[in-house]
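# Examination of the molecular architecture
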Amino acid sequence: MLDVIRRAYAARGDGDVKGLVAAFHPEGSFNLIGDKGALHLTGNVQGHQPLLAAFGQFIEHFTFEKREILTELVEGNCAAIRSRLDIRYRPSGKVFSTEVLDLFKFQDGKIVELVEYADTALIKAVVS
């Protein structure tokens, strides 16, 4: 599972949306937790085509300059990864640092669910 996660993170860092989505099960989902009324990027998407569109938008707007994995926990078919990220918001060029917590669930060797907790207030301030 950690190898799949690391490959997905590498694809995200390289801006490779297809490589990122390849780590997901065909029914896989991504859910950025937060108030959709406060930040339109939050919410759940499921399936390869919606994931390609959502991750494509993220990659278009946010470049991951650096990722430092702080914690890795694996239990059964689940993993939790806490990372520190340096992110560039492409439209303004602003770079900011934040931490995220990713909760993964696996099925058939692929990510079937990724729930991400990020500082959505910080993201909203950067994009506003």
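Provided above is the structure to which this section pertains.
Notes on the structure follow. Note that this is a predicted model, so its numbers are computed, not measured. (Residues numbered from 1 in each chain as written. Predicted model: local features only at pLDDT ≥ 70, side-chain atom pairs only at ≥ 80, totals over all residues. Heavy atoms only, no water.)

## So, the pairing of strand β6 (residues 110-117)
The criterion, for reference: At least two DSSP bridges between two strands are needed for those strands to be called paired. Only runs of H or I of at least four residues qualify as helices and only runs of E of at least two qualify as strands under DSSP, and these elements are numbered from the N terminus.
Here five bridges tie strand β1 (residues 24-32) to β6, and the two strands are oriented parallel to one another. Across the sheet, L32 pairs through a bridge with E116, a residue of β6. Looking at chain direction, strand β5 (residues 94-107) and β6 are connected through seven bridges and run antiparallel. Of the residues in β6, the one forming a bridge with F106 is I111. Between β5 and β6, which pair antiparallel and follow one another directly, the connecting turn spans two residues, one of which, D108, has a positive phi of 55°.

## Considering the packing of aromatic side chains
What counts, and what does not: Here a pair means two rings of Phe, Tyr or Trp (six-membered ring of Trp) with centres within 6.5 Å. Their orientation is stacked below 30 degrees between planes, edge-to-face above 60, and tilted elsewhere. Relative accessibility thresholds used throughout: buried, under 20% of the residue-type maximum; exposed, over 50%; partly exposed, between the two (1.4 Å probe, protein chains only). We call a charge positioned over a ring when the NZ of a Lys or the CZ of an Arg lies within 6 Å of the ring centre and within 35 degrees of the ring normal.
Tallying each qualifying case throughout the model produces six aromatic pairs. Judged by centre distance (6.3 Å) and plane angle (35°), the ring pair of F104 and F106 falls under tilted. Relative accessible area serves as the criterion here: at 4%, F104 is assigned to the buried category. A residue is classified by how much of its surface remains accessible, and F106, at 8% relative accessible area, is buried. Members of the aromatic cluster, connected to one another through ring pairs, are F24, F30, F55 and F58. Here the basic side chain of R12 rests over the ring of F64, its NZ or CZ set 3.7 Å away from the ring centre. In this structure, R67 packs its charged tip against the face of Y9, placed 3.5 Å from the ring centre.

## Thoughts on the pattern of salt bridges
Put simply, the rule reads: A pairing counts as a salt bridge when a side-chain nitrogen of Lys or Arg comes within 4 Å of a carboxyl oxygen of Asp or Glu.
Per the stated rule, a full pass over the model turns up six salt bridges. Salt-bridge contacts for R84 lead to E68; the nearest nitrogen and oxygen are separated by 3.1 Å. Taken together, the residues R84 in strand β4 (residues 78-89) and E68 in strand β3 (residues 62-75) connect sequence positions 16 residues apart. Overall, the relative accessible area of 35% leaves R84 in the partly exposed class. Taken together, the shared-partner salt bridges connect E68, R82, R84 and E99 into one network.

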